[in-house]
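Structural overview
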Amino acid sequence: MTSNPFATRHIRPGAVDYIFPPGQSAAALIERLRASGWFGQIIGPHGSGKSTLLAALAPALKQAGRTVHSYHLGTLRQFHPKDYLDKLPPSGRGLLVIDGYEQLSWWWRRRTLATCRRHDIGLLVTAHQDMGLPTLLTTEPTLALAKQVVRRLLGPDEATIAGGDVKRAWDEAGGNLREALFKLYDVYQSRRG
Amino acid sequence: MIEPLLSLCLAGPNRNFAAGDELVCEYQIDAVEPADIQAVELSVLWYTEGKGEEDMGVHFFERRLPADAEDGDLRPMRRLRSKLPNSPLSYRGAIVSVFWCVRLRLFLRRGREFVVEEPFTLGSVPAVLPAIAEPS
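Along every chain, residues carry numbers that run from 1 in the direction the sequence is written. Just so you know, chain letters begin at A and ligand numbers begin at 1, following the order they were written in. Restriction of local features to residues with pLDDT of at least 70 applies here, the model being predicted, together with a cutoff of 80 or more for giving and counting side-chain atom pairs; totals for whole chains, interfaces and linings are based on all residues. Values reported for side chains reflect all heavy atoms of the structure, with hydrogen atoms and water molecules removed beforehand.

**Regarding the overall build of chain B**
For the record, the criterion: Here a helix means four or more residues in a row that DSSP labels H or I, a strand means two or more in a row labelled E, and each is numbered from the N terminus. Relative accessibility under 20% of the residue-type maximum defines a buried residue, over 50% an exposed one, and the middle range a partly exposed one, all with a 1.4 Å probe and only protein chains included. Contact definition: two residues touch when any of their heavy atoms are within 4.5 Å. Each accessible area value is a Shrake-Rupley result obtained with a 1.4 Å probe; residue values ignore everything except the protein chains displayed when judging cover. Working convention for charge: Lys and Arg count positive, Asp and Glu count negative, and His plus the chain ends are omitted. Every charge is mapped to an atom, namely NZ of Lys, CZ of Arg, CG of Asp or CD of Glu.
The helix and strand tally for chain B stands at zero helices and nine strands. The order of α-helices and β-strands along chain B, N terminus first, is β-β-β-β-β-β-β-β-β. Over its C-alpha atoms, taken along the principal directions, chain B stretches across nearly 60 × 35 × 25 Å. Burial status across chain B gives 41% buried among its 136 residues. The contacts in chain B between residues at least 6 apart in sequence include a share of 66% that link residues at least 24 apart. Working note: accessible area of chain B is about 7,500 Å², and carbon and sulfur atoms make up 52% of it. Positive and negative side-chain charges in chain B, numbering 15 and 21 respectively, have mean positions lying 1 Å apart.

Okay, here's the thing in structure tokens:
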């Protein structure tokens, strides 16, 4: 039995490398975050790589001396902002990272921002639209990027999935990279038996 | 720095086991100084793979520290035996698959870690795969 390279364990944030757009890097984004007083946002649609980018930034943030507290606001889990506001990272070098910031109400977003400012803690968020913080990067996956990701997942010698399969999955998923990869999971599974 | 060499193998040619069978494996570590080794872990485990949340279970686990070995050297060949359980059986499905493997993890001082795995199957459950319409 061979592993399916499009399974969650291979494509979840941290398991797959984030492919930075030309001219961008983890170091450059951290520098931009530092320049904006450690306040920033990553914007992009569903399945565009925001969480993967956060995972890719984690080592560089640690290297920059930030103590990071990360929270993922999944739609399926019960979550209350008090969970993180009661356990803030250290003042002066702490960074609160919230993945899915737009899921907080306007009131909790305002309170989170105010708490971070009051305690001298940075705030880095991901969202589907502008949340009023300095934008570090807007994730905009393309078909070319999807093909690049698929090639990395498959390895150089694996021919089970062709370029046409990636395009079909990409079109069917309406440009949602994560959904396209899950469609390719089914294709791979049916062909590899 | 040269990477340590981790050798892990199942005894005998068989990679397909039945519930209750005895799995025998051997491992050995080379190309690293004994003093650089912090711990060695061997596990026999299963994990799920699919499009959703993952699950796993450890059937057998052994962690050895230098203090557990003769002369503090964890590198020499070690043989382990484990009776395999009745479930979960290896399975390849449309939504989820179940895999079994033996996993060897080497922890070096200063936080470096190396892993090797040796897969095997438990049971013989037929695969149930998705029917995808291939483009004409």
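**Section: the pattern of salt bridges**
Residues and elements named next belong to chain A. We count it as follows: Salt bridge, as applied in this entry: a Lys or Arg side-chain nitrogen positioned within 4 Å of an Asp or Glu carboxyl oxygen.
Scanning all chains against the criterion turns up 18 salt bridges over all chains. We note a salt bridge from Asp-171 to Lys-167, for which the minimum N-O separation is 2.7 Å. With a gap of four residues between them, Asp-171 and Lys-167 both fall in helix 7 (residues 163-172), about one helical turn apart. Accessibility expressed as a relative area gives 45% for Asp-171, which makes it partly exposed.

**A few points about the layout of surface pockets**
Residues and elements named next belong to chain A. Condition: Points on a 1 Å grid over protein atoms alone make up a cavity when a 1.4 Å probe fits among them but cannot get out, and a pocket when they form an open set with protein on both sides within 12 Å along at least five of seven lines; lining residues each have an atom within 4 Å of a point. Grid points are joined across faces, edges and corners, and a volume is the space filled by probe spheres set on the points. Polarity classes work like this: nonpolar for Ala, Val, Leu, Ile, Met, Phe, Trp, Tyr, Cys and Pro, charged for Asp, Glu, Lys and Arg, and polar for all others, with Gly in that last group.
As a volume, the second largest pocket reaches approximately 200 Å³. Breaking the lining of the second largest pocket down by element, the ones donating at least two residues are helix 7 and helix 8 (177-192). Sort the elements by how many residues they give to the lining of the second largest pocket and helix 8 lands first, with five residues. When the residues that make up the lining of the second largest pocket are grouped by side-chain class, the tally is six nonpolar, no polar and seven charged.

**Regarding the side chain of Asp165(A)**
Residue and element names in this part refer to chain A. We apply this condition: Polar contact is the term for a pair of N or O atoms within 3.5 Å; when the atoms are in protein, one must be able to donate a hydrogen and the other to accept it, and sequence-neighboring residues count only if both atoms are side-chain atoms.
Checked against the element boundaries, Asp-165 lands in helix 7. A polar side-chain atom of Asp-165 sits 2.7 Å from the main-chain amide nitrogen of Ala-162. Ignoring any residue separated from it by four or fewer positions in sequence, one finds Asp-165 in contact with Thr-160, Leu-184 and Arg-191.

**A word on the sheet that holds strand 1 (residues 39-43) of chain A**
Residues and elements named next belong to chain A. As a reminder of what qualifies: Strand pairing requires that DSSP identify at least two bridges connecting the strands. Every axis in this analysis is a line fitted to C-alpha atoms, fitted for helices over the stretch in contact. Angles between the N-to-C directions lie between 0 and 180 degrees.
Strand order in this open sheet of five strands is 2-3-4-1-5, and the pairing throughout is parallel. Because the sheet does not close on itself, it has two edges, and the strands there are strand 2 (67-72) and strand 5 (135-138). When strand polarity is set aside, the average angle formed by the axes of neighbouring strands in this sheet is 15 degrees. Pairing between strand 1 and strand 4 (residues 122-127): five bridges, direction parallel. Counterpart to Gly-40 in the pairing with strand 4 is Leu-124. Strand contacts of helix 3 (residues 50-63): strand 1, strand 2, strand 3 (94-99), strand 4 and strand 5, with the helix running at about 155 degrees to strand 4, the strand carrying the most contacts. Along the sheet face, helix 5 (residues 106-118) touches strand 1, strand 3 and strand 4 and points at about 155 degrees away from the line of strand 4.

**Considerations on the packing of aromatic side chains**
Put simply, the rule reads: We call Phe, Tyr and Trp rings a pair once their centres come within 6.5 Å, taking the six-membered ring for Trp, and we label the pair stacked below 30 degrees between planes, edge-to-face above 60, and tilted otherwise. Only when the NZ of Lys or the CZ of Arg is both within 6 Å of the ring centre and within 35 degrees of the ring normal is a charge said to sit over the ring.
By the definition in use, this model includes seven aromatic pairs over all chains. Their ring planes at 70 degrees and their centres at 6.1 Å tell us that Phe6(A) and Tyr188(A) sit as a pair that is edge-to-face. You can see Phe6(A) sitting in the segment before helix 1 (8-11) and its partner Tyr188(A) sitting in helix 8, a full 182 residues away along the chain. Residue class for Tyr188(A) comes out buried when judged on its relative accessible area of 3%. Ring geometry for Tyr71(A) and Tyr84(A): centres 5.3 Å apart, planes at 45 degrees, overall tilted. Of the two residues, Tyr71(A) is situated in strand 2 and Tyr84(A) in helix 4 (residues 82-85); the sequence distance between them amounts to 13 residues. You'll find Tyr71(A) and Tyr84(A) in the same group, each marked buried. Three or more aromatic residues joined by ring pairs form one cluster here, namely Phe17(B), Trp100(B) and Phe120(B). The lysine or arginine in question, Arg66(A), covers the ring of Trp38(A), its NZ or CZ lying 4.2 Å from the ring centre. Here the guanidinium or amino end of Arg63(B) rests over the ring plane of Phe107(B), the centre of that ring lying 5.6 Å away.

**A word on helix 7 of chain A**
Residue and element names in this part refer to chain A. Just so we agree on the cut-off: Directions pointing from the helix axis toward each C-beta atom define the arc.
Considered for burial, the residues of helix 7 that qualify are Asp-165, Val-166, Ala-169 and Trp-170. Projection of helix 7 onto a plane perpendicular to its axis shows the buried side chains occupying an angular sector of 130 degrees, all on one side. Buried residues in helix 7 make contact with helix 6 (143-154) and helix 8. Positive backbone phi, at 60 degrees, marks Gly-174, one or two positions downstream of helix 7.

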